[in-house]
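Structural overview for review
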Amino acid sequence: IIPKVDMEASMARTEAGTSGSSSSSAAGSSAEEDFYIQCDAPNCNEWHEGSTLSPPITPLTASTYETWHCPSCTPYHGPSKLKSVTSMRQGLRKKRRIDFVKLNDPAALLESESNNNGIGVAANDVQEIDFRAKLELRRKKGMFQNGMTAASTTGKGCCLKVVTSGGKNEFTAKYVNTHGFNQPVLFATQQPYQIGLKLPGNHFSFDTVAKLVGPYRKTQVIDTATQLTTEYTLQEWVDYLSTPEKERTRILNVITLEYSQTPLGKLVREPQFAREVDFVSQCWPKTTEDLRRILDHCGDNKNNNKKNSLDDKDDNDNGGDSDNNKTSKEEEEENLTELLKELQEEIPRVSKYCLMSAAGSYTDFHVDFGGTAVWYHVYFGQKIFYFIEPTTKNLKIYSEWATNGTSSSGGGGSKKSNANAFLPDLITAAGGDVFEVQLKKGQTLFIPSGWIHAVFTPKDSLVFGGNFVHRHSLEMQLTIFRLEKKMRVGKNYKFPFYQKLMWFVAWDFLKQRDDLMMMMQVGDKGKSSVMGREQQVIQQICGKYPNHVLLGYKALAKELESWSRSKQKITTDQFPENMDVTKVAIQLGELLTKCVAHLGVNTKKEKASIKLEKKEKKKTTKQEKKRHNSQISQEKKPVITPIKCSSSSSPPANKKCKVEGCTQYKRSKCDGYCATHYREQLSLQSGDNIDYNAIPPPGRGCKVDGCNKYKKSKCEGYCLMCFRASVKTTSRPSTSKRAA
């Protein structure tokens, strides 16, 4: 181990003569490779290899530090301090100082171009928007629907489901397995332990967050008026929040502080539902045994052979003395250990975020990266959410609004008419809905995958939240992934290692299939055939997962198949090592095809049973109606006056109205009554008190005296019966003519 060298000694060595340069350079390169530096932070004193640091540290660069802090100590003890500038060599030409921080600083962006202290941006290049006024104006116009009211009054199409569990955690993986998770769920209870959420105790403030996470830890800060970002240390952020609200010149917001690897991470635990369904905690390899199983079942022989050949080449260059003593198992174990170490560094850490917002801050409409679901708990303060359902139409409007520069932050897009468009205006103009939901202190909100939302903060707030990927919205998550690719979202704003995680999700599903096959083979002692065991496994998988989950895995298999054929470096870099991705994609596709086919048979049977149930319900309703009508008719016993017709022709007895004394014909589908008496019967049964008068109004009745029927067209002012009678009497021949 070479300790940190002294500055004067190193400078003396570098300024000495250059005789024997070849040998000295070789010695210098070997010294740089083996150089170690010790951390100067109190209670640390750990040694670190200089070549593994970022940026790498050599003996020469180490001599420029007065105190050096390792990466783990920098958030708590501040950055490393360099020695005074006067002791270092100065350039001959005085350079103009460029403040690159000002390029991203929202406050500096509004400085005039005449400022010579640094490079800024003119005020005309940045557009400020008063989002509070925009939201209040549209609220007065009635553009926003109350999500809470919609949830309590309507069961369909509402934005929010309100859950107030009385001492029991009802929102679990089992509940979602049967009911789904397609709408935001609000827990109005003030007791977070009911949903398995662990939080710090009372008297927890912004200052406590800075102490636990590290006062020198840098985090991104969003300016509300411009929606631009800059970097603050947590101590600077706490100083900003400690100033009174009226004295703040800018309204800032912190929403991307991840704290899982800090002391604060031990004080906060995610809700039970998020822990049960999270793909990162369920499917990401944790041990070398998991990697060995992947290698044995679907290992990539090409990668293995290539890696082994490279290892053999290195061994031959080094003489091969040390490797002769190693067995193949030891080499495999070392490779798996190194691979596991790399995977532990790459594991997506998105389940724990701390959000600290100043009063009046606003986050514009967005969809969480990778279509992840969100858990969101207000520790203190208040939040107002604006939700838009992720329908195909709404997602199309959102993508065009975000990519064409038509966002509320005022980017210069191709559509000049929508340069300052507000997304709720576009959604409501297209017939969509925007829901408003208020979240108070102590309440917890679960946001499903793909929901477009914005957040407004009425007062200073501290929020604990996190993102998680789960199996109940795989189709929506893949849709958002493709949408992000289409919108060309930057790498820093995407879910880390999303595609690699999906490969491990596919392997985990195949592993469940293999485990079931092994259990059945052991249980029946090999008596049943392989085809029979596969059919039983498919039945068990279809019984374990609901239809929407299996359809989501089917969509994933299709997506993985296209990824396996891709030659783009962005996609191939996320192929897991030692995994044959083509084999995994094909096997998952075949398995899900059989499962969906099995579901199709079941759905046909379910549809047939549903039809039978509907028919039975119709029969029962008809019978109940008949019974009800007969009871009413017996109770009321209507008194119906007979209608007499003075025409000479009267209907026969079998065609006459069943009301005694009535001389009209009975009508079909009138229960043996004529039309007039049938109407009177209906009016008495329904109780609507409608007067069905049999006498037509003046000018519309038959011209025969005493006939109360309506006259018919082309009947010379008679009703149909009287017209027939008159025609018979006029056309009847005399007896003399008949004899002739």
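Above this text you will find the structure in question.
Let me sum up the structure you'll find in this document. Worth saying up front: this structure is predicted, and the values here are computed from it rather than measured. (Residues numbered from 1 in each chain as written. Predicted model: local features only at pLDDT ≥ 70, side-chain atom pairs only at ≥ 80, totals over all residues. Heavy atoms only, no water.)

**Quick look at unusual backbone geometry**
- The residue Q227 is not glycine, and still its phi comes out positive at about 60 degrees.
- Notably, E716 is not glycine yet its phi reads approximately 60 degrees, a positive angle.
- Structurally, E716 is set in the loop between α25 (675–686) and α26 (720–731). (Helix = DSSP H or I, 4+ residues; strand = E, 2+ residues; numbered from the N terminus.)

**A few points about the packing of helix α19 (residues 474–487) against helix α22 (residues 547–565)**
- Packing of α19 against α22 brings their axes to within 8 Å, and their N-to-C directions diverge by 35 degrees. Here L474, E475, L478, F481 and R482 of α19 lie close against α22, whose contacting residues are L551, G552, Y553, A555, L556, E559 and W563.
- Among the residues forming the contact of α19 with α22, the class breakdown is 8 nonpolar, 1 polar and 3 charged. (Axes fitted to C-alpha atoms, helices over the stretch in contact; angles between N-to-C directions. Contact = heavy atoms within 4.5 Å. Nonpolar A, V, L, I, M, F, W, Y, C, P; charged D, E, K, R; others polar.)

**Describing the side chain of K383**
- Mapping K383 onto the fold places it in strand β13 (residues 373–388).
- No salt bridge is formed by the buried K383, whose closest oppositely charged neighbour, D460, lies at an N-O distance of 9.3 Å.
- Of the polar contacts made by the side chain of K383, one reaches the side chain of S357; its length is 2.8 Å.
- If near-sequence neighbours (up to four positions away) are discounted, K383 is found in contact with S357, Y376, V378, V437, Q438, L439, V455, F456, T457, P458, S461 and V463. (Buried < 20%, exposed > 50% of the residue type's maximum accessible area, 1.4 Å probe, protein only. Lys, Arg positive; Asp, Glu negative; His and termini not counted. Salt bridge = Lys/Arg side-chain N within 4 Å of Asp/Glu carboxyl O. Polar contact = N/O pair within 3.5 Å; in protein donor to acceptor, adjacent residues only side chain to side chain.)

**Regarding the nonpolar core**
- Of all hydrophobic cores here, the largest spans 70 residues; its most connected members are Y376 and M502.
- No other element matches helix α20 (residues 498–523), which puts 13 residues into this core.
- With sequence-adjacent residues up to four places away left out, M502 is seen in contact with F279, V469, L474, L556, L560 and W563.
- Judged by nonpolar contacts, the second largest core, of 37 residues, contains L197, V221, L264 and F273. (Core = buried A, V, L, I, M, F, W, Y, C linked by side-chain atoms within 4.5 Å.)

**Re the environment of Q191**
- Position of Q191 relative to the elements: it lies in the loop between β7 (185–187) and α9 (206–213).
- Among the residues examined, Q191 registers a relative accessible area of 35% and is labelled partly exposed.
- In sequence terms Q191 and G442 are 251 residues apart; their C-alpha atoms lie 7.3 Å from each other.

**Details of a positive patch on the surface**
- Residues K614, K615, K617, K618, K619, K622, K625 and K626 make up a contiguous surface patch of positive charge.
- Following the sequence through the fold, K618 ends up in helix α24 (residues 581–636).
- When its relative accessible area of 58% is taken as the criterion, K618 is described as exposed. (Patch = residues over 30% accessible without salt bridge, like charges linked within 9 Å, V, L, I, M, F, W, Y side chains within 5 Å. Areas by Shrake-Rupley, 256 points an atom, 1.4 Å probe, with all protein chains shown as cover. Charge placed at Lys NZ, Arg CZ, Asp CG, Glu CD.)

**Thoughts on helix α16 (residues 328–346)**
- Relative to the 27 Å expected for 19 residues at 1.5 Å per residue, α16 spans 27 Å between its end C-alpha atoms, a close match to the ideal helical length.
- Residues L336, L339, L340 and L343 constitute the buried set of α16. Taken end-on, α16 shows its buried residues confined to a sector of 105 degrees, consistent with a single buried face. Along α16, exposed side chains directed more than 90 degrees from the buried face belong to K341 and E345. (Expected span 1.5 Å × (residues − 1). Arc of directions from axis to C-beta.)

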